[in-house]
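# Summary of the model geometry
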Amino acid sequence: MNNPKELLERNFPTAVQDARNAGKTSLYSGPDSSYQLAFTDPDFLLTPDLRPVRMQLELLKPEMVQREEGIESTIVVFGSARIQPADVARATLDEAEALPPGSAREQAIRAAKRHVEMSRYYEEARRFASLVTEHSAQLDNPIYVVTGGGPGVMEAGNRGAHEVGGKSLGLNIVLPHEQEPNPYITPKLCFQFHYFALRKMHFLMRSVALVCFPGGFGTLDELFETLTLIQTGKCRKRPVLLFGRAFWTKLINFDHLVETGMISPEDVHLFRYVETADEAWDTLREVYRLGQPEADTACGW
């Protein structure tokens, strides 16, 4: 008589088992053979016709891992990969000042001073991530910092969470000259993307807030896509904090957009300016305490 446990066994072998069991034959092992299992055939999976499948995989993998790890709510930290830690920026300035007199020295000093000035944003991002990780750890549903996974402000966000013993996410993307993941991301939560669109979708899927530090084209792309989705109602409203009023108002003339009718006057209230990590954290606590129940539910406040 069969063992009753056999009634509960799978009727068919798993894909993993078949991948292991798939035999190789000398008759059909050449480069022109199609004998390999489709899902173990990289050449097949990377064909143009399989793009929809690759996009689905890129959506599913981070989603499934985050579910397994209990990641339900995140705060996204955007910002430049070029902003340095304060100690690194200061060391660069010292090196520039030690150069022989001349135009090259003056140019190096000017560039290094800019790095020193901007390095405050690295340190604020680092502290902000620490605040988020420490204070939200007491919630039934903790909030996790997620960044683009690279250097600069992204590194600062992951580093701040790491330094207080918390987990954080990094959504890296394959680029010609960048970017290696920074060393502070929780390994299980470090992902690599091919498609910008899927990466940006994952930034927003679990976010209860977005904090945007100074940055270039990539940061602006992420910021304006978020503002557009909120403005048009394609995603729910959530706090968007811009770090450094002087930087952002010089870079983007939002008042001009209102004056010329390109955006509505109320659209400038889709974001707020903040200057410090403590102000950013206090702002988020205030916003969620003052009547956004859908956000309260999402983050457990």
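Residues numbered from 1 in each chain as written. Predicted model: local features only at pLDDT ≥ 70, side-chain atom pairs only at ≥ 80, totals over all residues. Heavy atoms only, no water.

### Concerning the pairing of strand 2 (residues 143-147)
In terms of residue burial, strand 2 counts as a mostly covered element, since 5 of its 5 residues are buried. Alternating positions in strand 2 separate into two faces, Ile143, Val145 and Thr147 on one and Tyr144 and Val146 on the other, with burial throughout. Pairing of strand 1 (residues 73-78) with strand 2 involves 5 bridges; the strand directions are parallel. Bridge assignment links Val76 to a residue of strand 2, and that residue is Val146. The pairing of strand 2 with strand 3 (residues 168-173) spans 3 bridges and is parallel. Residue pairing in the sheet places Thr147 in a bridge with Gly170 of strand 3. (Buried < 20%, exposed > 50% of the residue type's maximum accessible area, 1.4 Å probe, protein only. Helix = DSSP H or I, 4+ residues; strand = E, 2+ residues; numbered from the N terminus. Pairing = 2+ DSSP bridges.)

### Looking at the packing of helix 4 (residues 86-97) against helix 5 (residues 103-136)
A packed helix pair is summarised by two numbers, namely the angle formed by the two axes and the spacing between the axes. At a minimum axis distance of 8 Å, the contact between helix 4 and helix 5 shows a crossing angle of 170°. The orientation of helix 4 with respect to helix 5, classified from their angle, is roughly antiparallel. Residues Ala86, Ala89, Arg90, Thr92, Leu93, Ala96 and Glu97 of helix 4 form the contact with helix 5, whose participating residues are Arg105, Ala108, Ile109, Ala112, Lys113, His115, Val116, Ser119 and Glu123. A per-class count over the contact of helix 4 with helix 5 returns 8 nonpolar, 3 polar and 5 charged. (Axes fitted to C-alpha atoms, helices over the stretch in contact; angles between N-to-C directions. Parallel < 35°, antiparallel > 145°, perpendicular 65-115°, else oblique. Contact = heavy atoms within 4.5 Å. Nonpolar A, V, L, I, M, F, W, Y, C, P; charged D, E, K, R; others polar.)

### What about the confidence of the model for the protein?
Predicted confidence across the protein gives a mean pLDDT of 91, with 93% of residues reaching 70 or more. Low pLDDT (under 50) marks residues 290-301, which in the prediction has 24 contacts with non-local residues, meaning those over four places away or in another chain. (pLDDT = per-residue confidence, 0-100.)

### Topic: the pattern of salt bridges
Pairing between side chains of opposite charge can happen when the charged atoms of each approach one another. By the definition in use, this model includes 14 salt bridges. For Arg126, the salt bridge goes to Glu123, with nearest N and O atoms at 3.3 Å. Of this pair, Arg126 and Glu123 are both found in helix 5, 3 residues apart, which corresponds to roughly one turn of the helix. On the accessibility criterion, Glu123 (26% relative accessible area) is partly exposed. The partner of Glu222 in a salt bridge is Arg199, and the shortest N-O contact between them spans 3.4 Å. Of the two residues, Glu222 sits in helix 8 (residues 217-231) while Arg199 sits in helix 7 (residues 196-205), which places them 23 residues apart along the sequence. Owing to a relative accessible area of 4%, Arg199 belongs among the buried residues under this scheme. What you see here is one network of salt bridges that share partners, running through Glu123, Arg126, Arg159 and Glu163. (Salt bridge = Lys/Arg side-chain N within 4 Å of Asp/Glu carboxyl O.)

### Observations regarding the packing of helix 3 (residues 51-68) against helix 7
Close contact between helix 3 and helix 7 brings their axes to 10 Å; oriented N to C, the two are set at 30°. One finds that helix 3 runs roughly parallel with respect to helix 7. The hand of the helix 3/helix 7 crossing is right-handed. Of the residues in helix 7, those in contact with Met55, Glu58, Leu59, Pro62, Glu63 and Gln66 of helix 3 are Leu198, Met201, His202 and Met205. For the contact of helix 3 with helix 7, a count of residues per class yields 6 nonpolar, 2 polar and 2 charged. (Left-handed = near helix turned anticlockwise from the far one by under 90°.)

### What about the sheet that holds strand 7 (residues 272-274)?
Read across the open sheet, the 7 strands follow the order 4-3-2-1-5-6-7; overall the sheet is parallel. Taken across any chain shown, the strands that pair with only one partner, and hence form the sheet edges, are strand 4 (190-193) and strand 7. Strand-to-strand twist of the sheet, defined as the mean angle between neighbouring strand axes without regard to direction, takes the value 25°. Across the sheet, helix 7 is in contact with strand 1, strand 2, strand 3, strand 4 and strand 5 (207-212); its angle to strand 3 comes to roughly 165°.

### Considerations on the nonpolar core
Among the nonpolar cores identified, the biggest contains 31 residues, and Leu169, Leu223, Val240, Leu242, Trp248 and Phe271 are the most heavily contacted of them. The set of elements that each furnish at least two residues to this core consists of strand 1, strand 2, strand 3, strand 4, helix 7, strand 5, helix 8 and strand 6 (240-243). In terms of residue count, helix 8 provides more of this core than any other element does, 4 residues in total. Within the second largest apolar cluster, 26 residues are counted, among which are Ile83, Val208, Leu241 and Phe243. (Core = buried A, V, L, I, M, F, W, Y, C linked by side-chain atoms within 4.5 Å.)

### Points about a nonpolar patch on the surface
Where nonpolar side chains cluster on the molecular surface, the patch consists of Leu27, Tyr28 and Tyr35 and spans about 390 Å² of accessible area. Turning to its location among the elements, Tyr28 is positioned in the loop between helix 1 (15-21) and helix 2 (42-45). Judged by relative accessible area, which is 49%, Tyr28 ranks as partly exposed. (Patch = residues over 30% accessible without salt bridge, like charges linked within 9 Å, V, L, I, M, F, W, Y side chains within 5 Å. Areas by Shrake-Rupley, 256 points an atom, 1.4 Å probe, with all protein chains shown as cover.)

### Quick notes on the environment of Tyr121
With respect to the helices and strands, Tyr121 occurs in helix 5. Remark: the alpha-carbon pair of Tyr121 and Phe243, spanning 122 residues in sequence, is separated by 7.9 Å. Excluding its chain neighbours within four sequence positions, the residues that come into contact with Tyr121 are Ile83, Phe213, Pro214, Phe243, Gly244 and Phe247.

### Concerning the packing of aromatic side chains
In total, this model carries 5 aromatic pairs according to the counting rule given. Consider the rings of Phe247 and Trp248, whose centres lie 5.1 Å apart with planes at 85°: the pair is edge-to-face. Each member of the aromatic cluster is reached from another via a ring pair, and the members are Phe254, Phe271 and Tyr273. Sitting above the plane of the Tyr121 ring, Arg120 keeps its charged end 4.3 Å from the centroid. (Phe/Tyr/Trp six-rings, centres within 6.5 Å; stacked < 30°, edge-to-face > 60°. Lys NZ or Arg CZ within 6 Å of the ring centre and 35° of its normal.)

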